[in-house]
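Below, each chain spelled out in residue letters.
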Amino acid sequence: MPQYTAPLTDMQFLLHDWLKLEDHYSSLGLQDFDKDLVNEILSQGAKFAEQAIAPLNREGDEQSCKLENGKVTTPDGFAEAYHEYIANGWNAMLGNPEYDGQDLPHTMAVPVQEMLCSANVSWRLISMLTESAVLAINKHGDQALKDTYLRKLISGEWTGTMCLTEPQAGTDLSLLSTKAEPQEDGSYKITGNKIFISGGDQEWTDNIIHLVLARLPDAPAGVKGISLFAVPKKMVLENGELGAENSLSVGSLEKKMGIKACPTCVMNFDQATGFIVGAPHKGLACMFTMMNDARFQVGLQGLGIAEGSFQGALAYARDRLQSRAPQGVQNPEGKADPIMAHPDVRKMLLTQKSLTEGCRALSFLYASQMDIEKSADDEASKQAAANVVAFLTPIAKGFMTDVGQEVSSLGVQVFGGHGFIREWGMEQYMRDSRITQLYEGTNGIQAADLIGRKLSRDNGDMLNDTYQVFDKMVADIADPKGLEKAKSILEEWYQTSLQVKQQSAVNVAGAAYDYMNFSAYSLLGILWLSMADKASQNENPSIQQGKKATSDFYIKRMLPRKDAFKVNLLEDANDLIDVADNLFDYQ
């Protein structure tokens, strides 16, 4: 497996020079967070990712998880690494301080979360979903529920899961059939089957809190009849101690293409005791608190895998000797030149670099908007930031995971035949990244959400507030050529978005994936021009020159991809519908 090294130099540039984090914190009244603290958190996060969990990645993939006598065990070292993780407080980074959380800004936590995904995405999944469960209970749970579960979920002493999917109900949750029967003591009996439950069981913790979607007996049809319940693996007594096992079990472990070291469980609930989260029949809104966080976190998985694959490809391209470069001998001491000297390999590496670093900038910008939504002192700023987060969520999830798959595929390609062999580790990145395009809503669903809801909802406020954030970024570009180019990209994106809003439902559905990609490539173009402008003032030559060169590559060779997506975006979609079903085969 390639050795992972956290990209601290790039992260620090983005946070301090590009986002101007101290000014950002000052504007939000967060003066206690300064540059030194940020760098210390990044440094310690990098140490844990590099030394504690990255070395477990390949062996975990080889071992996978086991289900024996109804109990799940994860690969060697995984539980020990988790205990180190929670002992050092990493699980509590974003937690409510009333329950011993650290309440850090998202711009501090997101870089660490990316590192964890690069180092070992299978290991990261369980703690990721616990963080999402904390958000849902913190926002929607009543006081008793919070007092019972939050402190130990935030500390990581217990973990959480998200139980949505059923064999017959995936994206369309209106089809789910799990039942919840009210009891006289205010609890509910939950009966049903859930599939694809990451971390449904493990030996890391003594308790697991499952957040389960189910229907009450009087539930209306469709998604308006769904409620959310907290269903503990073990019951919690009044004194906080653990009691009897709840009536739930692991039916089986899925055999998967990737993320083999994460237990993906079929969960059976047989009159299990649960407690309602939020109001009856309002479970989908509660779950979306958890789901939207998870969608962004899955985007970070795509980014993290892309970074790991790029690092492996770059190291190999520098060492592997093959043929002479067309521009002349580059390694006169050897019998051949490093493959990095060949233009086609350099193009692959620059594609990896420009997409990965562009997505990192997008994730940090997203994190800064989450900071504003959480900590701004006026409601208008909070709402505007919430609109930007909502608009960018499907892009962050959909595009960043597509990037993870493209970049990891290029990583295999750079290695040539060795990339296809397991011992080199590159094919694992590609296998692990594939699920990120599927779970938490497939990328087609993300695209449909972006164009069908986010683009047109609230009279276009989400689009307009996102435009304002990027417009401010463009206005801050000092380089005249960069400023002119960024203005052009932004206006084309905005005007095309307005044009798309006027299309028919069929055309919108047919153009969804094209719009997501058109938007992503356009917005990353603006991010790159902005980064290059700020890098020109940096004292580190690798940042100053590297950002400029990568920005030039992106604008010349990657940004034109948006034009192909725009062509399809504005086409009538009836040709997709008009192809008769029987014409898909030759029977």
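What you see is a predicted model, and the numbers here were worked out from it, not measured in a lab.

Trainee: Which residues make up the overall build of the protein chain, and what values go with them?
Mentor: Each helix and strand counted, the protein chain has 19 helices and eleven strands in total. In summary, the protein chain has a C-alpha radius of gyration of 24 Å against a globular reference of 25 Å for 587 residues, a match within 12%. With respect to the principal axes defined by its C-alpha atoms, the protein chain has extents near 80 × 70 × 55 Å. Scored against the burial criterion, the 587 residues of the protein chain give a buried share of 57%. When the accessible surface of the protein chain is split by element, carbon and sulfur atoms take 50% of a total near 24,400 Å². Charge separation in the protein chain, taken as the distance between the mean sites of 53 positive and 77 negative side-chain charges, equals 4 Å.

Trainee: Outline the pairing of strand 5 (residues 188-198), supporting the account with residue identities and numerical values.
Mentor: Within a regular strand, the side chains alternate between the two sheet faces. In the sheet, strand 4 (residues 179-182) pairs with strand 5 via four bridges, with the strands oriented antiparallel. Along strand 5, the bridge assignment pairs K179 with T191. Linkage of strand 4 to strand 5, two consecutive antiparallel strands, is achieved through a turn of five residues, within which G186 is found at a positive phi near 95 degrees. By the bridge criterion, eight bridges tie strand 5 to strand 11 (residues 264-277) in an arrangement that is antiparallel.

Trainee: I'd like a description of the environment of Q297, backed by residues and values.
Mentor: Mapped onto the elements of the fold, Q297 is located in helix 9 (residues 283-319). Distance from Q297 to E406, taken between C-alpha atoms, is 18 Å for residues 109 residues apart in sequence. Those residues in contact with Q297, other than ones at most four positions away along the chain, are Q113, R124, M128 and E131. Within the structure, the side chain of Q297 is placed 3.4 Å from the side chain of E131, a separation counted as a polar contact.

Trainee: Hey, could you go over the side chain of D10 for me, with residue numbers and the actual values?
Mentor: Note on placement: D10 falls in helix 1 (residues 8-18). Engagement of the side chain of D10 in a polar contact is seen with the side chain of K547, the distance being 2.6 Å. Beyond its immediate stretch of four places on either side in the chain, D10 contacts E357, R360, I543 and K547.

Trainee: Pulling in residues and values, what's your account of the nonpolar core?
Mentor: Nonpolar side chains in soluble globular proteins tend to end up buried together. Among the nonpolar cores identified, the biggest contains 167 residues, and W123, L211, F391, W493 and Y515 are the most heavily contacted of them. For this core, the element with the highest residue contribution is helix 9, accounting for 17 residues. Sequence-distant contacts of L211, defined by excluding residues within four places in its chain, comprise A133, A136, I137, T161, M162, C163, L228, F229, A230, V277, M287 and M290. With 20 residues, the next largest nonpolar core counts I190, I197, L216 and L253 among its residues.

Trainee: Describe helix 18 (residues 561-569), and please don't skip the residues or the numbers.
Mentor: Among the residues making up helix 18, those that are buried are K562, F565 and L569. The buried residues of helix 18 all sit within an arc of 65 degrees when viewed along its axis, so they share a single face.

Trainee: If you had to explain the environment of T165 to someone new, which residues and values would you point to?
Mentor: With respect to the secondary-structure elements, T165 resides in the loop between strand 3 (159-163) and strand 4. Exposure remark for T165: the relative accessible area of 22% places this residue in the partly exposed category. For the pair formed by T165 and Y513, sequence separation is 348 residues and the distance between their alpha carbons is 23 Å. The contact partners of T165, leaving out residues within four places of it in the chain, are G170, N193, K194, I195 and F196.

Trainee: Tell me about the pattern of salt bridges, and please be specific about residues and values.
Mentor: Considering all chains together, one arrives at 28 salt bridges under this definition. Put simply, D10, E114, E307, K353, E357, R360 and K547 are held in one network by salt bridges that share partners.

Trainee: Account for helix 16 (residues 505-535), naming residues and giving values.
Mentor: With 31 residues, helix 16 extends 43 Å from end C-alpha to end C-alpha; this agrees with the ideal 45 Å at 1.5 Å per step. The principal kink in helix 16, of about 55 degrees, is found at A512. In terms of residue burial, helix 16 counts as a mostly covered element, since 26 of its 31 residues are buried.

Trainee: Summarise a nonpolar patch on the surface; cite the residues concerned and give the values.
Mentor: Residues F420, I421 and W424 make up a contiguous nonpolar surface patch of roughly 330 Å² in combined accessible area. Its place among the elements puts F420 in the loop between helix 11 (379-415) and helix 12 (426-434).

Trainee: Tell me about unusual backbone geometry, and please be specific about residues and values.
Mentor: The residue S64 is not glycine, and still its phi comes out positive at about 65 degrees. By secondary structure assignment, the location of S64 is in the loop between helix 4 (57-63) and strand 1 (66-68).

Trainee: Hey, could you go over the pairing of strand 3 for me, with residue numbers and the actual values?
Mentor: Taking burial as the measure, the five residues of strand 3 include five buried ones, the bulk of the element. Residue alternation in strand 3 divides its side chains into two sets, T159, T161 and C163 and G160 and M162, and both sets are buried. In this sheet, strand 6 (residues 208-214) lies alongside strand 3 in parallel orientation, the contact comprising five bridges. Opposite C163, over in strand 6, you have V212 as the bridge partner.

Trainee: Which residues make up the packing of helix 14 (residues 461-475) against helix 16, and what are the values?
Mentor: Closest axis-to-axis distance for the helix 14/helix 16 pair is 9 Å, and the angle between their directions is 25 degrees. Relative to helix 16, the element helix 14 is oriented roughly parallel. Facing L463, F470, M473 and V474 of helix 14, the residues of helix 16 in contact are Y515, L523, I526, L527 and S530. Grouping the constituent residues of the contact of helix 14 with helix 16 by class yields eight nonpolar, one polar and no charged.

Trainee: Could you give an account of the packing of aromatic side chains, naming the residues involved and the relevant values?
Mentor: Centre-to-centre distance and the angle between the planes together describe a pair of aromatic rings. All told, the structure shown has 18 aromatic pairs when counted by the stated rule. Seen from their ring centres, Y85 and W123 are 5.1 Å apart, and the 85 degrees between their planes marks the pair as edge-to-face. You can see Y85 sitting in helix 5 (residues 78-87) and its partner W123 sitting in helix 7 (residues 121-140), a full 38 residues away along the chain. Taking relative accessible area as the criterion, Y85 reaches 0% and is therefore assigned buried. Among the aromatic residues, those joined into a ring-pair cluster are F48, Y82, Y85, W123 and W204.

Here is what the cut-offs are and how they apply
Residues numbered from 1 in each chain as written. Predicted model: local features only at pLDDT ≥ 70, side-chain atom pairs only at ≥ 80, totals over all residues. Heavy atoms only, no water. Helix = DSSP H or I, 4+ residues; strand = E, 2+ residues; numbered from the N terminus. Rg over C-alpha atoms; globule rule 2.2 N^0.38 Å. Buried < 20%, exposed > 50% of the residue type's maximum accessible area, 1.4 Å probe, protein only. Areas by Shrake-Rupley, 256 points an atom, 1.4 Å probe, with all protein chains shown as cover. Lys, Arg positive; Asp, Glu negative; His and termini not counted. Charge placed at Lys NZ, Arg CZ, Asp CG, Glu CD. Pairing = 2+ DSSP bridges. Contact = heavy atoms within 4.5 Å. Polar contact = N/O pair within 3.5 Å; in protein donor to acceptor, adjacent residues only side chain to side chain. Core = buried A, V, L, I, M, F, W, Y, C linked by side-chain atoms within 4.5 Å. Arc of directions from axis to C-beta. Salt bridge = Lys/Arg side-chain N within 4 Å of Asp/Glu carboxyl O. Expected span 1.5 Å × (residues − 1). Bend = angle between axes of the 7 residues up to and from the residue. Patch = residues over 30% accessible without salt bridge, like charges linked within 9 Å, V, L, I, M, F, W, Y side chains within 5 Å. Axes fitted to C-alpha atoms, helices over the stretch in contact; angles between N-to-C directions. Parallel < 35°, antiparallel > 145°, perpendicular 65-115°, else oblique. Nonpolar A, V, L, I, M, F, W, Y, C, P; charged D, E, K, R; others polar. Phe/Tyr/Trp six-rings, centres within 6.5 Å; stacked < 30°, edge-to-face > 60°.

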